[in-house]
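# Observations on the three-dimensional arrangement
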Amino acid sequence: PKRVAILISGGGSNMVQLVRSMTGDHPARAVLVASNDPAAAGLSRAAEMGIPTAAVDHRPFGRDRAAFESALLEPLLAAQPDILCLAGFMRILTPDFVARFSGRMLNIHPSLLPKYPGLNTHARALAAGDAQAGATVHLVTPELDCGPILGQASVPVEPGDTPDTLAARVLTAEHRLYPLVLRRFAAGKTGRIDL
Ligand code: GAR
């Protein structure tokens, strides 16, 4: 099976869904969960599921992204991943890092791209009066949140939504979308999924 490493920064709920999906006849297996935050709750959730973990704190590296990435690459390359999944990973990656995993690094972003790349996606969707919100899984290219789209899941914006209530609805859709996209991608299937 394809070897999948997952990068997280926080709770890792998408990571948990990805790991759980990779069993049985799935064409991939999780081999590493790594975080830039040693306190990320997702690291212990991964360990509980029996997945090797690594923490590389970005803070000692200050603004030196390349040095942080060199440190991150140590456990990452040791795990020999075929596919790298970003799942709530909140560090911008340099073009050099992205190039190493060109065509095999996926990201999930909490908006219907090309709308709202970057941060605060739910507040921006609400401010715009959008009727639909959602999430996108895309291939990572050097330009932030701009790579080829592999799948999208839409949810309705409800009256009275706040950024938090909308985020929770979108997150539930992310949990359906990301495992489906990863399974198809690991199997070498092309074409995009729309939920
Ligand atoms: C998810 O909503 C994901 O789409 C978003 O962070 C959350 C992580 O939740 N990612 C980004 O904003 C990337 N810029 P999780 O840790 O529970 O999977």
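All values reported here derive from a predicted model rather than from experimental measurement. (Residues numbered from 1 in each chain as written. Predicted model: local features only at pLDDT ≥ 70, side-chain atom pairs only at ≥ 80, totals over all residues. Heavy atoms only, no water.)

Contacts to the ligand come from G11, G12, S13, N14, G88, M90, I108, P110, L171 and E174. The separation between an oxygen atom of the ligand and a polar side-chain atom of S13 is 2.6 Å. With respect to the ligand, the backbone of N14 contributes an N or O atom lying 2.9 Å from an oxygen atom. Notes on the ligand: free accessible area 450 Å², of which the protein chains cover 80%. Its atoms largely coinciding with the cavity grid, the ligand occupies the largest pocket. Elements that contribute at least two residues to the shell around the ligand include exactly α1 (13-21) and α6 (163-186). For the shell around the ligand, the residue count by class is four nonpolar, five polar and one charged. (Near = heavy atom within 4 Å. Polar contact = N/O pair within 3.5 Å; in protein donor to acceptor, adjacent residues only side chain to side chain. Areas by Shrake-Rupley, 256 points an atom, 1.4 Å probe, with all protein chains shown as cover. 1 Å grid on protein atoms, 1.4 Å probe; cavity = no way out; pocket = protein on both sides within 12 Å on 5 of 7 lines; lining within 4 Å. Sits in = over half its atoms within 2 Å of the grid points. Helix = DSSP H or I, 4+ residues; strand = E, 2+ residues; numbered from the N terminus. Nonpolar A, V, L, I, M, F, W, Y, C, P; charged D, E, K, R; others polar.)

A few words on the UniProt feature "active site" (unreviewed entry) in the chain. The sites that carry the UniProt feature "active site" (unreviewed entry) are, in the present numbering, H109. Here H109 shows up in strand β5 (residues 105-109). Residues contacting H109, with those up to four places away along its chain left out, are Y116, P117, G118, T121, G134, A135, T136, H138 and D145. Within the local environment of H109, its side chain forms a polar contact with the backbone oxygen of Y116, the two atoms lying 2.7 Å apart. (UniProt positions renumbered as here; feature names shortened; annotations may be inferred. Contact = heavy atoms within 4.5 Å.)

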